[in-house]
Amino acid sequence: MDATYLDFCPKLRKMMESGKSLDLSGNVVQIGGISTLNNIRIIRELILRGRPSRTLEIGLAFGGSALAFLATLKEVSVDGFHHSAIDPFQSKGWGGSAVRAISDCGFSGNFTLHEDYSSLVLPEICRSNEQFDIIYIDGSHVFEDAFIDFYYALRVLRLGGIMLFDDCCDPHVCKVIKFIRTNYGQILNEIDYRVLENPHKSLKKRVGNLLGVRQLCGFTKKGEPPRDWNVPFVNF
Ligand SMILES: C[S@@+](CC[C@H](N)C(=O)[O-])C[C@H]1O[C@@H](n2cnc3c(N)ncnc32)[C@H](O)[C@@H]1O
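Report on the accompanying structure. (Residues numbered from 1 in each chain as written. Predicted model: local features only at pLDDT ≥ 70, side-chain atom pairs only at ≥ 80, totals over all residues. Heavy atoms only, no water.)

The next thing to look at is the packing of aromatic side chains. Counted by the stated rule, this structure contains 15 aromatic pairs. Considering the side-chain rings of F147 and F150, the 5.6 Å spacing of their centres and the 65° angle between planes classify their relative orientation as edge-to-face. Taken together, the positions of F147 and F150, both in helix α6 (residues 143–156) and three residues apart, correspond to about one turn of that helix. Judged by its relative accessible area of 1%, F150 is buried. Their ring planes at 80° and their centres at 5.0 Å tell us that Y151 and Y152 sit as a pair that is edge-to-face. (Phe/Tyr/Trp six-rings, centres within 6.5 Å; stacked < 30°, edge-to-face > 60°. Helix = DSSP H or I, 4+ residues; strand = E, 2+ residues; numbered from the N terminus. Buried < 20%, exposed > 50% of the residue type's maximum accessible area, 1.4 Å probe, protein only.)

Below, the structure written as structure tokens:
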């Protein structure tokens, strides 16, 4: 897959191809840590298929995935769309570059940034009863943060909605996913990888995937937490 796939959002294509963006003061910044082209493809495909209108991501950085969400939501939108992001470091660490890119694309009115730690923002969203159709977890990859993201994301995800984890082979994130696989089968269904597969991927990637090497995994919500107080614990 090449960058022409990103023609649905020329700004995102330019960012991915040049490896550069602008911060809010107009300085050129080098891009790093942006979601992979394949993650962006999966996010886009899920939106095109499911036609959601409200999405959330934890971890905004330069706004790569946010632009993919917003540009694709716009395509499928009937009654309006909104994307929210949580990131404590957008101003301090990233110079507001995602906010600028989103504004340059004309999406400011469809976007909310919560500039604080997800562990503090998600409980507030939970109390407000706001619900999302897709949640992309790509913030702090430290186990305890990723676990808290999972815990609250499940509570603000609508029934039938999708929860995605980036870097699911990272040992911290992988541990959270193992917990979900072993203990949350009643509430979350893992999405079949074949549904998310890129038909044009290389042989090396195919072999890697067969060996369990993956960047992204996803779950569909089929039940509501909390679980019963005496639910058996499955070791993992
Ligand atoms: C891998 S980057 C996100 C990349 C982004 N999704 C994209 O595709 O361009 C991880 C982001 O998580 C943010 N982050 C780190 N700790 C966080 C926390 N506790 N809560 C929310 N975001 C956090 C970082 O500031 C960084 O922007």
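Read on for the rest.
What follows deals with the environment of D104. Secondary-structure assignment places D104 in helix α4 (residues 97–104). Classification of D104 as partly exposed rests on a relative accessible area of 43%. Residues D104 and D145, spaced 41 residues apart in sequence, show a C-alpha to C-alpha distance of 31 Å.

The full set close to the ligand counts 21 residues, and S35, G59, S65, D87 and D138 are the nearest of them. In this structure, G59 approaches the ligand through a main-chain N or O atom, which is 2.9 Å from a nitrogen atom. Side-chain polar atom of D87 to an oxygen atom of the ligand: 2.5 Å apart, as the coordinates give it. When contributions to the shell around the ligand are tallied by element, the ones reaching two or more residues are β3 (54–58) and α3 (64–76). Residues of the shell around the ligand, tallied by class, amount to nine nonpolar, nine polar and three charged. (Near = heavy atom within 4 Å. Polar contact = N/O pair within 3.5 Å; in protein donor to acceptor, adjacent residues only side chain to side chain. Nonpolar A, V, L, I, M, F, W, Y, C, P; charged D, E, K, R; others polar.)

Next up on the list: the state of the cysteines. If you walk through the whole model with that rule in mind, you get zero disulfides. Not part of a disulfide, C9 finds its nearest cysteine sulfur in C105, a span of 4.5 Å. Residue class for C9 comes out buried when judged on its relative accessible area of 4%. (Disulfide = S-S within 2.5 Å.)

So, about the packing of helix α1 (residues 10–18) against α3. For the pair α1 and α3, the least separation of the axes is 9 Å and the interaxial angle reads 155°. Here α1 is positioned roughly antiparallel relative to α3, judged by the angle of their axes. Seen along the crossing, α1 lies across α3 with a hand that is left-handed. Residues K11, L12 and M15 of α1 form the contact with α3, whose own contacting residues are G64, L67 and A68. A per-class count over the contact of α1 with α3 returns four nonpolar, one polar and one charged. (Axes fitted to C-alpha atoms, helices over the stretch in contact; angles between N-to-C directions. Parallel < 35°, antiparallel > 145°, perpendicular 65-115°, else oblique. Left-handed = near helix turned anticlockwise from the far one by under 90°. Contact = heavy atoms within 4.5 Å.)

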